[in-house]
Every structure is written in C-alpha cells, then in structure tokens.
Amino acid sequence: MGEVRAQDRKVLRVLSGEAISPPPAWMMRQAGRYLPEYRATRAEAGSFLDLCYNPAFATEVTLQPIRRFGFEASILFSDILVIPHALGQGVRFVEGEGPRLDALEGRPEFDRLRDVGDAAIFSHLAPVLEAVTSIRAALPQETTLLGFCGAPWTVASYMIGGRGTPDLAPARALAASDVELVEALIDRLVRVQTEYLIRQFRAGADAVQIFESHAGVLPEGEDALSRWSLQPIAKMIAGVRAEVPDAKIIVFCRGSGLDGHARVVPETGASAVGVDWGVDLKALRARVPTTTVTQGNLHPETLIAGGAALDAEVDGILAATKGLPHIFNLGHGITPQTPVAHVERMLARLREGA
C-alpha cells in the first residue's frame, strides 16, 4: 500500500465535504487526565505551562491517545491562554482550580499588552510551534494534525475576568462601561491569533479548530452573537486564508443554540461547525445544507456512564449523519473521571455500527 498523502487523511476528506462511513473520530481534550500515561508525563513535566511549552513533553502527550485508540485526528496539546501569556499578561494554573490571570480591568492593563509586530509574542510561542512540527513528524501518515486557538470573545473574557466564571460578569460589565476598550482587545486578539494560526499551518498543522467556549454568554445588544463572536471569527478565517488558501478550519461555538450553530458556517466561512451536546444533531442537520460539515456531539456524561446509554447515543449520531459529511467527537471536552474502557467501547460501537 502506498504512502498516505495529506489530502487523503480522512478528517481532511470530510472537511472537504466527503461523507465517510464510519466517520473519522477524535475527542476534544483527548490528551488529558483520564489517561494514566498523561498523568505520568504531567508529573514529570512539573507545571501545566511547563508541559505546554516543552516541545518534547507536548509531543508525547499529544501522541498518547493516538497510540492507545487510533483516532483519525490528533490535536496539539496546548491551551488557549498561551496567547494572553504571550501578550505579556500574567497567567498561571492553580492545581484543582484552573487558570488564573492578572485581570485586565481597564486601559492601563490593556496598554501594557504587546501588539502584533512585537517579536516577543512569537518568540514566546516558538516552543508551541516547534511542538506542531515535532508532532506532525511523529504521527502516523494517515492521522490529521489539528492546531487550535480560542475565539477572541472567549480569550478576552478570561483576560478581563482573570478566570473563567459561569456568567462572565467582569467581561460583560466592561463591555457595557467601555465598549471601545473591549472592541480594541477583540481586534488585537483577531490580529495576533490570525498570525498564530497561519504559523501553525506553516509548522505542519493540517487543519485548525477555533474554540468559542463562551458563545452562550455574550454582552447585551442587538445580535450579540454576530458582533462579539461570528464577525471576529470570520475576520480570522479570512486572514488565515489570505496566506493559507483553502485552509480547513472548524469553529466550535458552545452554547449558541440551534440557531447559532446553523449560522456558523455561512457567517464565518468555516469548513465545519463543531456541535455541542445541547443541540439536537438531527434537527441541526435538517436546518443546514447537506453539504455542511458537522462535528460532534456525544455528551461527555454519557461517555462516563457507558453501557447501553453510550451505545444508543453513538447509534443516534450515526443515524443523524448517515450519508452526510461528519466528524465524530464529543459535544465538549472529555472529563478526567471518564473510564478508558468506555472510550474503547465508544470507538468499537462507532467503527462497527456504521
């Protein structure tokens, strides 16, 4: 059998509009704490950021789920918050609590951030891009490598709030009191992250995903989804494709509902829409053209439960997407308490049931 060409990788074929049975699969956060080998590598690396910024460790944990499960795609091990870190904002990860940032409360903090053109930004990110190249070289030829970044609104909300909060009150309050400042922050993130994605492609990524984790909590105002989420993402995608024509880009707008999910591809130019677990996949497929590529949307809690419930949800996803271009995934990231055996059962059901 001849060598697999990049364009023949199954995930790339689906992102080009081809329906494949069974659909190719990967999982958000597939390199993570549910795997004993990840926990061992994390302990060896030290802090979470040390793991992200060490190309050897980042390569190792990215490859671990591919070795164990044979997913059709691998996603770079990193974090969306390496961008504010590269911009000069203080970022740290507190064990058991998650990320903490030096909150951007107003213009003085914004004025201290680096801007596009500052060489220090991509000097800071050089180890991440080195990891992309290392991972692509080590992956099986048939495996798609995904790069990623956060969407501008999601990253901005962390930068302003200093942490993730369910209601994003600090970011929404700042948008109400100084909308020009928040717009300037969004614009800077658009420009910096566009360049970041371009560099990921050049380092060896086959495709990328933009994570809009907070699309369900936006500032007040008319068509907030378009203003704060879809328009900035569209600018990023256009900017990437100006340098990387036909770049394959998945957009995951968690919490945007059925209507929001249906708007992602036409309004951003994305290659595919990632579907969260709160959206009925069959209903979404009925709302969008048959050519629309979808990804998702198994509930992470169903994967924890396993058994017949897991089998039924896998079967339902296969039925909803039969004959249509789809990438099998979760509707949010896999959680640490997920049994490895349940991931194995999910993949067996997927691969045998199509």
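Residues numbered from 1 in each chain as written. Predicted model: local features only at pLDDT ≥ 70, side-chain atom pairs only at ≥ 80, totals over all residues. Heavy atoms only, no water.

The protein chain has the name Uroporphyrinogen decarboxylase in an unreviewed UniProt entry, where Methylobacterium haplocladii is given as its organism.

Quick notes on the UniProt feature "site: Transition state stabilizer" (unreviewed entry) in the protein chain
Rule in force here: UniProt positions are given in the numbering used here, feature names are shortened, and annotations may be inferred rather than shown by experiment. Numbering of helices and strands starts at the N terminus; helices are DSSP runs of H or I of at least 4 residues and strands are runs of E of at least 2. Pairs of N or O atoms within 3.5 Å make up the polar contacts considered here, provided that, within protein, one atom can donate a hydrogen while the other can accept it, and that residues adjacent in sequence are counted only when both atoms are side-chain atoms.
Feature annotation in UniProt assigns "site: Transition state stabilizer" (unreviewed entry) to the following positions: Asp79. Among the structural elements, aspartate 79 can be located in the loop between β1 (73-75) and α5 (82-86). Polar contacts involving the side chain of aspartate 79 include one to the main-chain amide nitrogen of leucine 81, which spans 2.9 Å.

Let's talk about the UniProt feature "domain: Uroporphyrinogen decarboxylase (URO-D)" (unreviewed entry) in the protein chain
The UniProt record annotates "domain: Uroporphyrinogen decarboxylase (URO-D)" (unreviewed entry) at residues 24-33. What you have in residues 24-33 is 0% helix and 0% strand, and the ends, taken at the C-alpha atoms, are 23 Å apart.

Structural notes on the side chain of serine 213
Stated formally: Burial status follows relative accessibility: with a 1.4 Å probe on protein chains alone, a residue under 20% of its type maximum counts as buried, one over 50% as exposed, and anything between as partly exposed.
Following the sequence through the fold, serine 213 ends up in the loop between β5 (207-212) and α12 (224-243). When its relative accessible area of 18% is taken as the criterion, serine 213 is described as buried.

Some remarks on the pattern of salt bridges
Note the cut-off: Each reported salt bridge corresponds to a side-chain nitrogen of Lys or Arg within 4 Å of a carboxyl oxygen of Asp or Glu.
Here the structure, examined in full by the defined rule, presents 22 salt bridges. Arginine 287 is the partner of aspartate 259 in a salt bridge, and the nearest nitrogen-oxygen pair spans 2.8 Å. Placement of aspartate 259 in helix α13 (residues 257-268) and of arginine 287 in helix α14 (residues 281-287) is noted, with a sequence separation of 28 residues between them. Glutamate 267 is paired through a salt bridge with arginine 263; the nearest N and O atoms lie 2.7 Å apart. Of this pair, glutamate 267 and arginine 263 both sit in helix α13, separated by four residues, roughly a single helical turn. On the basis of relative accessible area, arginine 263 is assigned to the partly exposed category, the value being 22%.

Digging into the side chain of aspartate 276
Applied cut-off: Only four residue types enter the charge count, namely Lys and Arg as positive and Asp and Glu as negative; His and the chain termini do not. In what follows, residue pairs with any heavy atoms lying within 4.5 Å of each other are defined as contacts.
Mapped onto the elements, aspartate 276 comes out in the loop between β7 (272-275) and α14. No salt bridge is formed by the buried aspartate 276, whose closest oppositely charged neighbour, arginine 254, lies at an N-O distance of 6.4 Å. Once you skip the residues sitting within four places of it in the chain, aspartate 276 turns out to touch Phe252, Cys253, Arg254, Gly255, Ser256, His261, Asn297 and Gly331.

Section: the state of the cysteines
The following threshold applies: When the sulfur atoms of two cysteines come within 2.5 Å, that pair is taken as a disulfide.
In total, this model carries zero disulfides according to the counting rule given. There is no disulfide at cysteine 149, and the cysteine sulfur nearest it, in cysteine 253, is 12 Å away.

Quick word on the environment of glycine 260
Looking at the secondary structure, you find glycine 260 in helix α13. Note on glycine 260: relative accessible area 3%, which makes it buried.

Side note on the environment of glutamate 301
Along the polypeptide, glutamate 301 turns up in helix α15 (residues 300-305). Separated by 183 residues in sequence, glutamate 301 and aspartate 118 have C-alpha atoms that sit 43 Å apart.

Focus on unusual backbone geometry
For the bond running from serine 21 to proline 22, omega is -5°, close enough to zero to count as cis. When you line up the elements, proline 22 lands in the loop between α1 (10-15) and α2 (36-45). Cis geometry marks the peptide bond from glycine 296 to asparagine 297, where omega comes out at -10°. In this fold, asparagine 297 is placed in strand β8 (residues 294-298). The phi angle at arginine 29 is positive, at roughly 65°, despite the residue not being glycine. In this structure, arginine 29 sits in the loop between α1 and α2. By relative accessible area, arginine 29 is classed as exposed at 53%. Positive phi is not limited to glycine here, since leucine 168 has a value of about 50°. Of note, leucine 168 is situated in the loop between α9 (152-161) and α10 (169-177).

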